[in-house]
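Observations on chain architecture
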Amino acid sequence: MNDLSFAVPLWVWAAVTVGIGVMLAVDLIAHRDNHVIGFREAALWSGLWIAIGLGFGLILLAWQGGEASSTYYAGYLIEKALSIDNVFVFALVFSFFAVPDAYQHKVLFWGVIGALAARLVFIFIGAELLQVFFWTAYLFGAFLIWTGWKMAVSKDEKVHPDRNPVVRLVKKLIPTDPRFHGDKFFIRVSGKRVATLLFVVLVAVEATDLIFAVDSVAAVLAITTNTFIVWTANAFAVLGLRSLYFCLAGLLRRFAYLHYGLAVLLAFAGVKLILSETPVGKLPIPLTLGVIVVTITVSIAWSLIATRGEGGDRGEADDVTGTERDDTAPGSQPHHPQGRPS
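This report concerns the structure included in the present document. (Residues numbered from 1 in each chain as written. Predicted model: local features only at pLDDT ≥ 70, side-chain atom pairs only at ≥ 80, totals over all residues. Heavy atoms only, no water.)

Another aspect to go through is the overall build of the protein chain. Each helix and strand in the protein chain was counted, giving 12 helices and 2 strands. Per-residue burial for the protein chain yields a buried fraction of 53% across its 342 residues. When contacts within the protein chain are restricted to residue pairs at least 6 apart in sequence, those whose partners lie at least 24 apart make up 81%. Accessible surface computed for the protein chain: about 14,800 Å², of which carbon and sulfur atoms make up 67%. (Helix = DSSP H or I, 4+ residues; strand = E, 2+ residues; numbered from the N terminus. Buried < 20%, exposed > 50% of the residue type's maximum accessible area, 1.4 Å probe, protein only. Contact = heavy atoms within 4.5 Å. Areas by Shrake-Rupley, 256 points an atom, 1.4 Å probe, with all protein chains shown as cover.)

Set out below in structure tokens:
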């Protein structure tokens, strides 16, 4: 696969990694009191993360030129769009386990760290496979097309977090108290270390994100196999996932047709990846950017127009997040927002 290539000094990798660590630390310190995050605060944080993500593209523009910058923006936009789907499933997990609002941030914070680690591993493995074995482009491409089709037709499938094999394994291996104990993941009972229900929620979030990580990384690898660009596009998009959740929690029902747009993006990425190993070759980045922007804009606009008048206040949001309802205890059957099936 012919692809954008430029040397990235070790100190640049180190600087980006340290920068991400600093941003995570600032986020943790800012929310160390476990207060309930409102829309205004979440919007401000989301604006900050988006500004940082877009600003990094300008750094790439000055450092490596327009092609590197536009490639980064294409990867960032598709990852940002797919992260909205993460929000739907995170809302489902929080609803299913009836997680109090004040503790959701802590779960998402550690969830973001796990998401970054998983994506870093998948990026290097996937990029290496695409570079060494050209035929893996057909496998990844077919996987993305299948994922897009599955997303388009599985809107009404129910997801049961407690049936996730990783969650079930954790419950079998680790003694678990089926209750919340503040924001603690572990407590001591009769001298023994016991996991709390909040830890089970964290495992459910991490296990779900592994599914997202595979197809979102594959989608960005369809744009470029430059590991530095793929990593930074993923990292800066995922860093804002926590604040994005709290921004959109009250508006989830308004994104009724977004999953069709995301399905189109995944299928487009799959076709793009397959074409890169044919005489057609790699599709131009401006075309890729155009398809991403138009698809996201149309699917969101379609959703908002179709659902206008339904409202999006906090009261209605409880039907999705379920954090203030009594009928969302573990084992209940909450409303299932559209999203990738687990």
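The subject of this paragraph is the packing of aromatic side chains. By the definition in use, this model includes 19 aromatic pairs. Geometrically, the ring pair formed by Tyr 257 and Tyr 260 is stacked, given 6.2 Å between the ring centres and 15 degrees between the ring planes. Residue class for Tyr 257 comes out partly exposed when judged on its relative accessible area of 25%. The rings of Phe 6, Trp 13, Phe 56, Trp 63, Tyr 72, Tyr 73, Tyr 76, Phe 124, Phe 228 and Phe 236 are connected pair by pair, giving a single aromatic cluster. Positioned over the ring face of Phe 185 is Lys 106, at 4.9 Å from the centre of the ring. Above the ring of Phe 186, the side-chain terminus of Arg 193 is found at 4.5 Å from the ring centroid. (Phe/Tyr/Trp six-rings, centres within 6.5 Å; stacked < 30°, edge-to-face > 60°. Lys NZ or Arg CZ within 6 Å of the ring centre and 35° of its normal.)

Let us now look at the pattern of salt bridges. Evaluated as defined, the whole model comprises 3 salt bridges. As a salt-bridge pair, Arg 119 and Glu 79 come within 3.4 Å of each other at their nearest N and O atoms. With a gap of 40 residues between them, Arg 119 in helix α4 (residues 101-132) and Glu 79 in helix α3 (residues 66-96) connect regions that are remote in the sequence. Two residues, Asp 177 and Arg 179, come together in a salt bridge whose shortest N-O distance is 2.9 Å. (Salt bridge = Lys/Arg side-chain N within 4 Å of Asp/Glu carboxyl O.)

On to the side chain of Asp 177, then. Mapped onto the secondary structure, Asp 177 falls in the loop between α6 (165-173) and β1 (186-189). Judged by relative accessible area, which is 9%, Asp 177 ranks as buried. Here His 181 takes part through its side chain, which lies 3.1 Å from a polar atom of the side chain of Asp 177. For Asp 177, the residues in contact, after removing those within four places along its chain, are Ile 187, Val 194, Ala 195, Thr 196 and Leu 197. (Polar contact = N/O pair within 3.5 Å; in protein donor to acceptor, adjacent residues only side chain to side chain.)

A word on the nonpolar core. Among the nonpolar cores identified, the biggest contains 95 residues, and Ile 20, Tyr 72, Ile 78, Phe 97, Leu 116 and Phe 228 are the most heavily contacted of them. With near-sequence residues (within four places) excluded, Ile 78 lies in contact with Ala 219, Val 220, Ile 223, Leu 265, Ala 269 and Ile 292. (Core = buried A, V, L, I, M, F, W, Y, C linked by side-chain atoms within 4.5 Å.)

Moving on, we get to helix α5 (residues 136-153). With 18 residues, α5 should reach 26 Å at 1.5 Å per residue; the first-to-last C-alpha distance of 26 Å fits that figure. Considered for burial, the residues of α5 that qualify are Thr 136, Ala 137, Gly 141, Leu 144, Thr 147, Gly 148 and Met 151. Angular distribution of buried residues about the axis of α5 spans 140 degrees; they occupy a single face of the element. In α5, the exposed residues that point more than 90 degrees away from the buried face are Leu 139 and Trp 149. (Expected span 1.5 Å × (residues − 1). Arc of directions from axis to C-beta.)

Below, the discussion takes up the packing of α3 against helix α10 (residues 258-275). The N-to-C vectors of α3 and α10 enclose an angle of 135 degrees; their axes lie 10 Å apart at closest approach. For the element pair α3 / α10, the angle class is oblique. When you trace α3 past α10, the crossing you get is left-handed. Contacts between α3 and α10 involve Ile 78, Ala 81, Leu 82, Ile 84, Asp 85 and Phe 88 on the former and, on the latter, Leu 258, Leu 262, Leu 265, Leu 266 and Ala 269. Taken together, the residues of the contact of α3 with α10 sort by class into 10 nonpolar, no polar and 1 charged. (Axes fitted to C-alpha atoms, helices over the stretch in contact; angles between N-to-C directions. Parallel < 35°, antiparallel > 145°, perpendicular 65-115°, else oblique. Left-handed = near helix turned anticlockwise from the far one by under 90°. Nonpolar A, V, L, I, M, F, W, Y, C, P; charged D, E, K, R; others polar.)

Keep in mind these numbers describe shape, not what the thing actually does.
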